[in-house]
Amino acid sequence: GENVEQHPSTLSVQEGDSAVIKCTYSDSASNYFPWYKQELGKGPQLIIDIRSNVGEKKDQRIAVTLNKTAKHFSLHITETQPEDSAVYFCAASKGDTGRRALTFGSGTRLQVQP
Amino acid sequence: KAGVTQTPRYLIKTRGQQVTLSCSPISGHRSVSWYQQTPGQGLQFLFEYFSETQRNKGNFPGRFSGRQFSNSRSEMNVSTLELGDSALYLCASSGQVSTDTQYFGPGTRLTVL
């Protein structure tokens with residue numbers, strides 16, 4: 001089955017700096033790669049996603065890049081703010097009905113120091 | 001538009017009991033998936049339902065089961081609870097347009113004593 005590895009497990013940055021979280025996946029049939037942010041006591045919140053026919057996607061301060069050949073995708077957060085502090089999860093799936101199961105990475109705890 | 005709702009939010013049970021958790025997806029969404037989150041194993045897929053049919057199942061014992069109703073609401077049941085079943089159980093719904101995008105509810109925190 002699919003295996004997703006995520007690094008680093010913890011990341012501490014100063015407010016205003018950039019943060020980068022990296023994930024690798026094992027199943028070449030995976031074609032959908034979302035990123036979730038989870039705050040204490042809450043469910044995961046989708047922050048950005050990318051499909052395998054796209055190499056990069058950006059939404060304001062957040063961007064995701066995908067390298068299908070290397071089976072590698074990354075989350076980039078620029079101009080970090082204290083409210084970005086949370087646990088971030090990457091995930092992969094094959095996308096369509098019956099194959100929508102998300103395989104998650106182990107999570108990155110991001111701490112933004114004011 | 002209301003998000004995914006899960007009830008109850010917190011639950012305490014004892015070993016050997018059974019429990020039923022409920023999930024109401026986003027209005028118009030027909031697909032519901034369930035996940036278990038624990039500190040040791042992380043987020044793991046339990047099962048996926050679409051149009052009242054289980055379409056996919058994760059690697060969990062038969063004590064874990066679920067169903068989906070005609071209004072797309074879903075329930076999951078865990079029988080003969082074990083201490084290791086203590087976890088946050090998350091429900092996610094997917095719509096028709098972006099069928100792969102999953103939106104999560106707040107979860108049900110289950111504690112087994």
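Notes on the structure follow. All values reported here derive from a predicted model rather than from experimental measurement.

**Overview of the overall build of chain B**
For chain B, the count of helices and strands is 0 helices and 11 strands. Walking chain B from its N terminus toward its C terminus, one meets helices and strands in the order β-β-β-β-β-β-β-β-β-β-β. For 113 residues, the compact-globule estimate of 2.2 N^0.38 gives 13 Å, and chain B sits close to it at 13 Å. Its C-alpha atoms give chain B principal-axis dimensions of roughly 40 × 25 × 25 Å. Out of the 113 residues belonging to chain B, those deemed buried represent 50%. A separation threshold of at least 6 residues defines the contact pool for chain B, and within that pool the share at least 24 residues apart is 53%.

**Focus on the interface of chain A and chain B**
At the junction of the two partners, chain A supplies 19 residues and chain B supplies 22 residues. Between chain A and chain B the total buried area reaches about 1700 Å² when both faces are included, carbon and sulfur atoms providing 52% of it. Inspection of the chain A/chain B interface yields 1 salt bridge. Close ionic contact of Glu48(B) with Arg100(A) constitutes a salt bridge, the shortest N to O distance being 3.4 Å. Taken together, the connections running from chain A to chain B amount to 9 residue pairs in polar contact (both at pLDDT 80 or more).

**A look at the side chain of Gln36(B)**
Residues and elements named next belong to chain B. The residue Gln36 is located in strand β4 (residues 31-38) in this model. Side chain to side chain, Gln36 and Tyr89 meet in a polar contact 3.0 Å long. With residues up to four places along the chain from it excluded, the contact list for Gln36 reads Gly42, Leu43, Gln44, Leu46, Phe60, Phe64, Gly84, Asp85, Ala87, Leu88 and Tyr89.

**What to know about the pattern of salt bridges**
Residues and elements named next belong to chain A. Here the structure, examined in full by the defined rule, presents 10 salt bridges over all chains. As a salt-bridge pair, Asp27 and Lys94 come within 2.9 Å of each other at their nearest N and O atoms. Taken as a pair, Asp27 in the loop between β3 (19-25) and β4 (32-38) and Lys94 in the loop between β9 (86-92) and β10 (103-104) lie far apart in primary sequence, 67 residues in all. Given the relative accessible area of 22%, Lys94 is considered partly exposed. Measuring nitrogen to oxygen at the nearest pair gives 2.9 Å for the salt bridge that ties Asp49 to Lys57.

**Considerations on unusual backbone geometry**
For the peptide bond that leads from His7(A) to Pro8(A), omega is -5 degrees, which places it in the cis range. Checked against the element boundaries, Pro8(A) lands in the loop between β1 (4-7) and β2 (10-14). Its identity as a non-glycine residue notwithstanding, Lys71(A) has a phi of 55 degrees, on the positive side. Residue position: Lys71(A) is located in the loop between β7 (62-67) and β8 (72-77). The backbone of Glu52(B) sits at a positive phi, close to 70 degrees, despite the residue not being glycine. For Glu52(B), the location among the structural elements is in the loop between β5 (42-50) and β6 (53-57).

Calculation criteria
- Residues numbered from 1 in each chain as written.
- Chains lettered and ligands numbered in written order.
- Predicted model: local features only at pLDDT ≥ 70, side-chain atom pairs only at ≥ 80, totals over all residues.
- Heavy atoms only, no water.
- Helix = DSSP H or I, 4+ residues; strand = E, 2+ residues; numbered from the N terminus.
- Rg over C-alpha atoms; globule rule 2.2 N^0.38 Å.
- Buried < 20%, exposed > 50% of the residue type's maximum accessible area, 1.4 Å probe, protein only.
- Contact = heavy atoms within 4.5 Å.
- Buried area = accessible area lost by both parts, 1.4 Å probe.
- Salt bridge = Lys/Arg side-chain N within 4 Å of Asp/Glu carboxyl O.
- Polar contact = N/O pair within 3.5 Å; in protein donor to acceptor, adjacent residues only side chain to side chain.

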